[in-house]
Amino acid sequence: MFLRWRGRDRNRGVSVKQREGDWTVYMVETESGKLYAGIAIDPERRLDEHRSGKKGAKFFRTSPPVRIVYRELFATRSEASIREAQIKKMKRADKLKLVQQAADRSR
């Protein structure tokens, strides 16, 4: 398994290493039903940051995030960023289909 050095985790003050394949494209549903796409190594931590408002995206100022509704794993940040851009360009109906397909596969 290939490990990449990621430096120090700013939140915990401990050294961390990142495995290849740790980048996640995720979609978050807001209280108003909007969908937000982003990338992160740890989507749960990122969701907490969005909820806190300190490091979260400006997108959530008008409607707080509720839950992660979609995840897709990638080997590199570059691949994840490309997929994130593709998702952000999709129409809402296409995003909802993607979420539904992922939910159907997980059952």
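Coordinates for the structure precede this section.
Treat the numbers as computed from the prediction; the structure is a model and nothing was measured.

Enquirer: What's the story with the environment of Y70 in this structure? I'm lost.
Expert: Within the fold, Y70 resides in strand β5 (residues 65-74). Y70 gets classed as buried once you look at its relative accessible area, which sits at 4%. Between the C-alpha atom of Y70 and that of V28, which follows or precedes it by 42 residues, the distance is 7.2 Å. For Y70, the residues in contact, after removing those within four places along its chain, are V25, Y26, M27, R83, I87, L98, V99 and A102. Here the side chain of Y70 touches E72 through a polar contact of 2.3 Å, side chain to side chain.

Enquirer: Can you help me understand the packing of aromatic side chains in this one?
Expert: Per the counting criterion, the structure on display carries 4 aromatic pairs. Both rings, one in Y26 and one in Y36, keep their centres 6.5 Å apart while their planes meet at 50 degrees; by these two values the pair is tilted. Taken together, the positions of Y26 in strand β3 (residues 23-30) and Y36 in strand β4 (residues 35-40) put the pair 10 residues apart, joining distant regions of the chain. As far as the burial class goes, Y26 and Y36 line up, both buried. Ring plane angle 45 degrees and centroid distance 5.2 Å describe the contact between Y36 and F59, whose orientation is recorded as tilted. Placement of the pair is Y36 in strand β4 and F59 in the loop between α1 (43-52) and β5, with a sequence separation of 23 residues.

Conventions and cut-offs
Residues numbered from 1 in each chain as written. Predicted model: local features only at pLDDT ≥ 70, side-chain atom pairs only at ≥ 80, totals over all residues. Heavy atoms only, no water. Helix = DSSP H or I, 4+ residues; strand = E, 2+ residues; numbered from the N terminus. Buried < 20%, exposed > 50% of the residue type's maximum accessible area, 1.4 Å probe, protein only. Contact = heavy atoms within 4.5 Å. Polar contact = N/O pair within 3.5 Å; in protein donor to acceptor, adjacent residues only side chain to side chain. Phe/Tyr/Trp six-rings, centres within 6.5 Å; stacked < 30°, edge-to-face > 60°.

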